[in-house]
Amino acid sequence: MLRIKEYVKAASLEEAYELNQKRSNRVLGGMLWMRMSDVQVQKAIDLSGLGLDTIEETDTEFIIGAMVTLRELELHSALNDYFENAIRDAVQDIVGVQFRNLATVGGSVFGRFGFSDVLTVLLSLHYKGGIVPLEEFAQMKRDNDILVNVRIAKTPGHFAYLTHRNTKTDFPVLAVSASKIGEEIRVAVGARPMKAELFGAGDLSEESAKKLAAQVKTDSNMRASAKFRSHLAEVLITRCFDKIKDVEKEEK
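Everything in this summary refers to the structure shown in the same document. (Residues numbered from 1 in each chain as written. Predicted model: local features only at pLDDT ≥ 70, side-chain atom pairs only at ≥ 80, totals over all residues. Heavy atoms only, no water.)

For the rest of this paragraph, the subject is the overall build of the protein. The secondary structure content of the protein amounts to ten helices and ten strands. Its C-alpha radius of gyration of 18 Å places the protein within 12% of the 18 Å reference for a compact globule of 252 residues. A principal-axis box enclosing the C-alpha atoms of the protein has dimensions of 55 × 45 × 30 Å. Sorting the 252 residues of the protein into buried and exposed places 47% on the buried side. By sequence separation, contacts in the protein at least 24 residues apart represent 64% of the contacts at least 6 residues apart. Element-wise, carbon and sulfur atoms account for 50% of the exposed surface of the protein, whose accessible area totals about 12500 Å². (Helix = DSSP H or I, 4+ residues; strand = E, 2+ residues; numbered from the N terminus. Rg over C-alpha atoms; globule rule 2.2 N^0.38 Å. Buried < 20%, exposed > 50% of the residue type's maximum accessible area, 1.4 Å probe, protein only. Contact = heavy atoms within 4.5 Å. Areas by Shrake-Rupley, 256 points an atom, 1.4 Å probe, with all protein chains shown as cover.)

As structure tokens, then:
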């Protein structure tokens, strides 16, 4: 059971950062996974008053605040139009609407959860700026820093996201996100059941999908065996590649 001794609504990022240097203090996101933990928190740090709940669009990038909810990602028309609904496809089956109205981008990304659809889809997109590239951030151990926003470059390309779930709102058995930006093909595979990992591919062929799938390390848990996940990896990567190729054909 989660136990909180004191609640603090931070008045500034500086205050939040200073409070978060004490290991017994915790930053609050949507409080959906944290509340399931068995831990005592000395001070719970609320970031909701710091203006981190917006999605900004500039000529060159989207800036997604850490306190933006998954439901806002799902419904943001400009974001989904640009990335061909890959982000919407990644979040729309996460539990239910009530859950997505509370769960935050910051909580999903900073948590680096193995089952995270959010981290999987964002890894496949092209990042601009930021202090730490997301593929590097995802491999780092958690620290006492504060995630402020995620920046995604507006680089023309094609995007696809697919997942397999045993039931519609369950955690994913395996998740795959693919993008083709120029000649660069990025594939993120999550719910292996380890956290998402980013791979590169030479082209969108079935042979390339098969070779890439062979690189994906999987394991077993209550939802599926490692062998089944390895099979799914090839299937979902191939289908993501096919979706991108279909869009490319329509453009010709």
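Past the structure itself, the notes keep going.
To continue, consider the packing of aromatic side chains. To describe a pair of aromatic rings, you give the distance between the ring centres and the angle between the ring planes. Tallying each qualifying case throughout the model produces seven aromatic pairs. An angle of 75° between the planes, with centres 5.0 Å apart, marks the rings of F83 and F159 as edge-to-face. Residue F83 is found in the loop between α3 (77-82) and α4 (86-91), and its partner F159 is found in strand β7 (residues 158-165); the two are separated by 76 residues along the sequence. Exposure class is identical for F83 and F159. Each is buried. Put simply, the rings of F62, Y82, F83 and F159 touch in pairs and so form one group of aromatic residues. Over the ring of F62 we find K154; its NZ or CZ atom is 5.3 Å from the centre of that ring. (Phe/Tyr/Trp six-rings, centres within 6.5 Å; stacked < 30°, edge-to-face > 60°. Lys NZ or Arg CZ within 6 Å of the ring centre and 35° of its normal.)

Turning next to the environment of K243. The topology assignment puts K243 in helix α10 (residues 226-251). Separated by 191 residues in sequence, K243 and L52 have C-alpha atoms that sit 34 Å apart. Apart from residues no more than four positions distant in its own chain, K243 is found in contact with D89, A160, Y161 and L162.

Taking 1.5 Å per residue as the helical rise, α10 with its 26 residues ought to reach 38 Å, and the 38 Å between its terminal C-alpha atoms agrees with that figure. In this structure, the buried side of α10 is in contact with β7, β8 (172-181), β9 (184-190), β10 (197-201) and α9 (206-215). (Expected span 1.5 Å × (residues − 1).)

One way to put it is that α9 packs onto α10 with a least axis distance of 9 Å and a crossing angle of 140°. Once α9 is placed against α10, the crossing between them reads as right-handed. Contacts between α9 and α10 involve E206, S208, A209, K210, L212 and A213 from the former and A233, E234, I237, T238 and F241 from the latter. For the contact of α9 with α10, a count of residues per class yields six nonpolar, two polar and three charged. (Axes fitted to C-alpha atoms, helices over the stretch in contact; angles between N-to-C directions. Left-handed = near helix turned anticlockwise from the far one by under 90°. Nonpolar A, V, L, I, M, F, W, Y, C, P; charged D, E, K, R; others polar.)

Here we have four strands laid out as an open sheet, ordered β7-β8-β9-β10, and antiparallel in their pairing. Both edges of this open sheet fall to β7 and β10, since each of them pairs with a single strand only. Here the strands of the sheet are splayed against their neighbours by 15° on average, with no regard to which way each runs. Sheet strands in contact with α9 are β9 and β10, and its direction is about 150° off that of β10. (Pairing = 2+ DSSP bridges.)

A word on the pattern of salt bridges. For the structure on display, the rule yields 13 salt bridges. Among the ionic pairs, E57 bridges to K154, the shortest N-O distance being 2.7 Å. In this pair, E57 is assigned in strand β4 (residues 55-57) and K154 in the loop between β6 (149-153) and β7, connecting sequence segments 97 residues apart. With its nearest N and O atoms 2.9 Å apart, the salt bridge here joins R88 to D89. Judged by relative accessible area, R88 falls into the partly exposed class, the value being 30%. What you see here is one network of salt bridges that share partners, running through R71, E74 and R100. (Salt bridge = Lys/Arg side-chain N within 4 Å of Asp/Glu carboxyl O.)

A word on unusual backbone geometry. The residue after R192, namely P193, is reached through a cis peptide bond having omega 15°. Unusually for a residue other than glycine, N85 sits at a positive phi of about 65°. Here N85 is to be found in the loop between α3 and α4. By relative accessible area, N85 is classed as partly exposed at 26%. Although it is not a glycine, V95 sits at a positive phi angle of roughly 55°. Turning to its location among the elements, V95 is positioned in the loop between α4 and α5 (97-100).

In short, shape yes, function no, at least from these values alone.
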